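In case you want the letters, here they are:
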Amino acid sequence: MKTATGIDLAAVLNRSRPALARAITLLENDRPGAAELMAELAPRCGRAHVVGITGAPGAGKSTLINALLGELTKRGRSVAVVAVDPSSPISGGSILGDRLRMDEHGNRDDVFIRSVSSRGHLGGLSRNTGRIVDVFDAVGFDVVIVETVGAGQSEVEIRHFADSNIVVCPPGLGDDVQAIKAGILEIADILVVNKADLPQAERTVLDLTTATHLRHRTDWQVKVLRTVATSGEGVPALADAIEEHGRATGIGKRLKSVPLSPGSSPRERGEGRTIVTDAELFAQLCRWRAAGKGVALATVVKTWGSSPRPEGSHLAVEADGAFVGSVSGGCIEGAVIGEAQAAIADGKPRLLEFGVSDERAWEVGLACGGRVQVYVERVQVALFDELMAARAARHPVAVVTRLADGAQALLEEGAVSGELTLSEAQCAEALRLLRADKSGVLESSAGALFARCYTQAPRMVIVGAVHVTQALAPMAAMAGFEVTVVDPRRAFATPERLPGVTVSTEWPDEALARLAPDAQTAVVTLSHDPKLDDPALAAALKSQCFYIGALGSKRTHAARVERLTAEGLGAELHRIHAPVGLDLGGRSPAEIAVSVLAQVIQSRYR
């Protein structure tokens with residue numbers, strides 16, 4: 001079966017080397033279809049033992065991994081390696097020296113080695129390391145080893161992904177104080193003094209052994225081991241310690257508690273996070289359901305006073321208490337999660353109210369003067385699947401719930417389904433809220449109804465991968481826009497210049513035809529080149545997009561108006577904001593980007 005991206009999923013799952021390589025490239029560069037591929041792979045994750053290997057440059061990490069590959073495969077383990085190399089500040093590329101040191105095992109069927117560039121990402125990993133780990137996990141590798149770039153004291157991001165963290169130390173690490181400093185040593189489950197045949201190795205082992213006594217761990221006693229990677233000395237003992245740690249503390253930790261971190265694939269996961277999009281929240285719900293877990297959804301249905309989260313805010317919870325989203329910004333989540341777990345167990349919905357007049361509110365610390373009403377329900381499978389289908393088709397949809405008993409209806413333009421019967425007036429009111437992208441209470445003699453409205457995230461299509469775009473694209477993404485940058489000039493449209501951004505090298509008219517701008521889309525042309533900007537503006541003017549902006553002076557725009565008028569678009573030209581952005585007086589690329597984003601947001605809510 002091939003996905004929409006052309007990736008052969010069956011071949012990937014069968015560990016075809018070309019198919020795996022193509023899938024990883026798609027995810028590493030965050031190309032269109034990456035999220036869809038991860039959605040296919042996510043339910044298969046959780047079987048691999050992820051081992052993080054980090055340490056200072058020159059400690060011998062790659063040589064040690066090469067020796068460890070030989071030992072693990074000898075024990076019948078299949079092993080994948082993600083080797084993160086530092087990127088060049090000039091080209092953005094990487095020498096990939098780590099791969100060269102492991103080449104002895106690279107052609108084995110039970111070994112797959114992938115080298116990636118950090119691309120300037122801090123923390124010791126690349127931005128999409130988490131995705132690559134997930135791929136290797138999903139296709140059935142027993143062990144996934146992640147080697148960080150040469151790390152200093154603060155590059156500790158690996159702790160979020162690895163089940164077992166190994167810190168490799170060279171002899172002569174430093175004095176006793178250096179050995180126990182906070183930082184990278186504190187994440188270690190196993191400390192390895194490599195090159196143990198060199199002078200000062202015993203002193204380093206002693207320093208580290210003393211340091212481990214100062215770290216109090218209830219689940220595991222940190223081990224200090226000696227290895228000589230070039231000869232293999234101590235490597236079997238290291239493999240034993242890794243397996244022992246996996247048995248003692250478990251595997252799949254990254255899937256249970258994922259931090260808000262660039263490397264944690266934020267588009268695919270949000271577990272434990274409070275600020276997430278609807279798309280992220282529902283993606284996590286789908287993963288929990290695919291894993292066979294009971295799930296509940298809590299929704300803010302009414303607020304008074306200073307409630308920190310608006311009506312319609314969601315908190316999703318699974319049976320073990322993992323959560324994503326927020327109904328208060330943190331002050332009542334603990335109480336709501338407990339009620340959600342109870343709803344999963346007994347299937348009964350709950351309508352909760354918190355406020356300063358409620359004794360319970362003091363326990364959870366609700367802001368003074370505020371009250372909030374939260375509806376908690378176990379997710380109804382049939383209606384949830386309909387909702388997911390409507391969202392996948394980018395249809396605006398509302399779920400209307402009778403709060404007294406949990407009866408629900410799903411409403412779209414021209415269609416209503418579900419067990420809850422709505423009057424003509426109630427349908428009209430729900431549609432009014434849906435068109436305004438605003439959730440709220442409907443009047444009903446049979447009890448309060450709440451309409452939770454879902455529209456797709458707004459999109460921003462930026463034409464021209466210029467300096468302003470480098471500032472605008474991440475700002476717009478932070479504001480909740482799905483951003484696509486279009487520029488056929490491949491030297492401009494590179495992942496290094498626009499990390500984490502979807503980039504198209506199509507010509508703008510072709511890209512706009514494929515993207516099909518709708519009423520939730522903003523189109524911004526920044527290339528200052530008529531060959532690129534004009535076709536994009538023409539396509540935008542023929543669509544229902546809510547915002548069109550074009551970079552350039554008044555004189556430049558006057559010439560643009562003449563050209564587009566000649567194409568028969570004169571009646572629509574008033575829709576173009578030019579010069580683009582609010583007049584804030586800024587001059588730098590970042591200041592211009594702020595003015596553009598401000599104008600786009602203003603237009604969306606006007």
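Source: prediction; values computed, not measured.

Helices and strands together make up the secondary structure of the chain, namely 20 helices and 23 strands. Among the 606 residues that make up the chain, the fraction classed as buried is 52%. Sequence separation of at least 24 residues holds for 65% of the intrachain contacts in the chain that already meet a minimum separation of 6. Element-wise, carbon and sulfur atoms account for 53% of the exposed surface of the chain, whose accessible area totals about 26,000 Å².

With that out of the way, let us pick up the pairing of strand β5 (residues 164-169). Looking along a regular strand, one sees side chains alternate from face to face of the sheet. Across the six residues of β5, six count as buried, placing the element largely inside the fold. Side chains Ser164, Ile166 and Val168 project from β5 onto one buried face, and the interleaved Asn165, Val167 and Cys169 project onto a second face that is buried too. With five bridges connecting them, strand β1 (residues 49-55) and β5 associate as parallel partners. Paired with Thr54 across the bridge in β5 is Val167.

What follows is about helix α18 (residues 530-541). With twelve residues, α18 should cover 16 Å at 1.5 Å per step; its first-to-last C-alpha distance of 15 Å lies within 8% of that length. Of the surrounding elements, those touching the buried residues of α18 are β18 (459-463), α17 (508-515), β21 (521-525), β22 (547-550), α19 (554-566) and β23 (576-577). Where α18 begins, the side chain of Asp529 points an oxygen toward the backbone nitrogen of Lys531, at a separation of 3.0 Å.

For the rest of this paragraph, the subject is the pairing of strand β6 (residues 190-193). Alternating residues of β6 divide into Ile190 and Val192 and Leu191 and Val193, and every residue in both groups is buried. Of the pairings in the sheet, the one linking β5 to β6 comprises four bridges and is parallel in character. For Val167, the partnering residue across the bridge sits in β6 and is Leu191. By the bridge criterion, four bridges tie β6 to strand β7 (residues 223-226) in an arrangement that is parallel.

Another point: the pattern of salt bridges. Tallied over the entire structure, the rule returns 24 salt bridges. One salt bridge in this structure joins Asp110 and Arg108, with 2.9 Å as the shortest N-O distance. Between Asp437 and Arg604 there is a salt bridge, with its nearest N and O atoms 3.6 Å apart. Highlighted residues: Asp437 in the loop between α15 (424-435) and β16 (440-442) and Arg604 in helix α20 (residues 589-605), separated in sequence by 167 residues. Residue classification places Arg604 among the partly exposed residues on the basis of a relative accessible area of 23%. Taken together, the shared-partner salt bridges connect Glu71, Lys74, Arg75, Arg77, Asp240 and Glu243 into one network.

The nonpolar side chains of soluble globular proteins are, as a tendency, buried together. Core analysis: the biggest nonpolar cluster contains 52 residues, and Val82, Phe136, Val144, Val146, Val167 and Leu191 have the highest contact counts within it. The element that contributes the greatest number of residues to this core is helix α2 (residues 17-28), accounting for six residues. Listed in part, the 27 residues of the second largest apolar core include Ile113, Val143, Ala241 and Ile242.

Glancing now at the packing of aromatic side chains. If you walk through the whole model with that rule in mind, you get four aromatic pairs. On the basis of an interplanar angle of 55° and a centroid distance of 5.5 Å, the ring pair of Phe112 and Phe136 is categorised as tilted. In this pair, Phe112 sits in strand β3 (residues 111-117) while Phe136 sits in helix α6 (residues 129-138), placing the two residues 24 residues apart along the sequence. Accessibility assignment for this pair places Phe112 and Phe136 in one class, buried. Measuring from centroid to centroid gives 5.9 Å for Phe282 and Phe384, while their planes differ by 55°, and the two rings are tilted. Linking Phe282 in helix α11 (residues 278-290) with Phe384 in helix α14 (residues 381-392), this pair joins segments that are 102 residues apart in sequence. Over the aromatic face of Phe492 sits the side chain of Arg489, whose NZ or CZ is 4.1 Å from the ring centroid.

The subject of this paragraph is the sheet that holds strand β13 (residues 397-402). Within a sheet, each strand pairs with its neighbour through backbone hydrogen bonds, oriented either parallel or antiparallel. Strand order in the open sheet made by the five strands is β15-β14-β13-β17-β16, with antiparallel pairing throughout. Edge positions in the open sheet fall to β15 (415-418) and β16, since each of these has one partner strand only. When the angles between neighbouring strand axes are averaged without regard to direction, this sheet yields 25°. Bridge count for β13 against strand β14 (residues 408-412) is four bridges, and the pairing is antiparallel. Bridge pairing in β14 links Val399 to Leu410. In the packing of α15 onto the sheet, contacts are made with β13, β14, β15, β16 and β17 (449-454), and the angle to β17 comes to roughly 40°.

Between its first and last C-alpha atoms α2 spans 16 Å; for twelve residues at 1.5 Å apiece the expected length is 16 Å, and the two agree. Every buried residue belonging to α2 is among Ala19, Leu20, Ala23, Ile24, Leu26, Leu27 and Glu28, and all of these are buried. Where α2 is buried, its residues contact α1 (9-13), α3 (34-41), β3 and α6. Once α2 finishes, Asp30 follows within two positions and takes phi at roughly 55°, a positive value.

Time to look at the sheet that holds β5. The strand order across the open sheet built from seven strands is β3-β2-β4-β1-β5-β6-β7, with neighbouring strands paired in parallel fashion. Either end of the sheet is taken by a strand with one partner, and the two such strands are β3 and β7. Sheet twist, expressed as the average angle between the axes of neighbouring strands with direction ignored, equals 20°. Contacts from helix α4 (residues 61-74) reach β1, β2 (79-85), β3, β4 (143-147), β5 and β6 within the one sheet, and its direction differs from that of β4 by about 175°.

Reading the values: rules and limits
- Residues numbered from 1 in each chain as written.
- Predicted model: local features only at pLDDT ≥ 70, side-chain atom pairs only at ≥ 80, totals over all residues.
- Heavy atoms only, no water.
- Helix = DSSP H or I, 4+ residues; strand = E, 2+ residues; numbered from the N terminus.
- Buried < 20%, exposed > 50% of the residue type's maximum accessible area, 1.4 Å probe, protein only.
- Contact = heavy atoms within 4.5 Å.
- Areas by Shrake-Rupley, 256 points an atom, 1.4 Å probe, with all protein chains shown as cover.
- Pairing = 2+ DSSP bridges.
- Expected span 1.5 Å × (residues − 1).
- Polar contact = N/O pair within 3.5 Å; in protein donor to acceptor, adjacent residues only side chain to side chain.
- Salt bridge = Lys/Arg side-chain N within 4 Å of Asp/Glu carboxyl O.
- Core = buried A, V, L, I, M, F, W, Y, C linked by side-chain atoms within 4.5 Å.
- Phe/Tyr/Trp six-rings, centres within 6.5 Å; stacked < 30°, edge-to-face > 60°.
- Lys NZ or Arg CZ within 6 Å of the ring centre and 35° of its normal.
- Axes fitted to C-alpha atoms, helices over the stretch in contact; angles between N-to-C directions.

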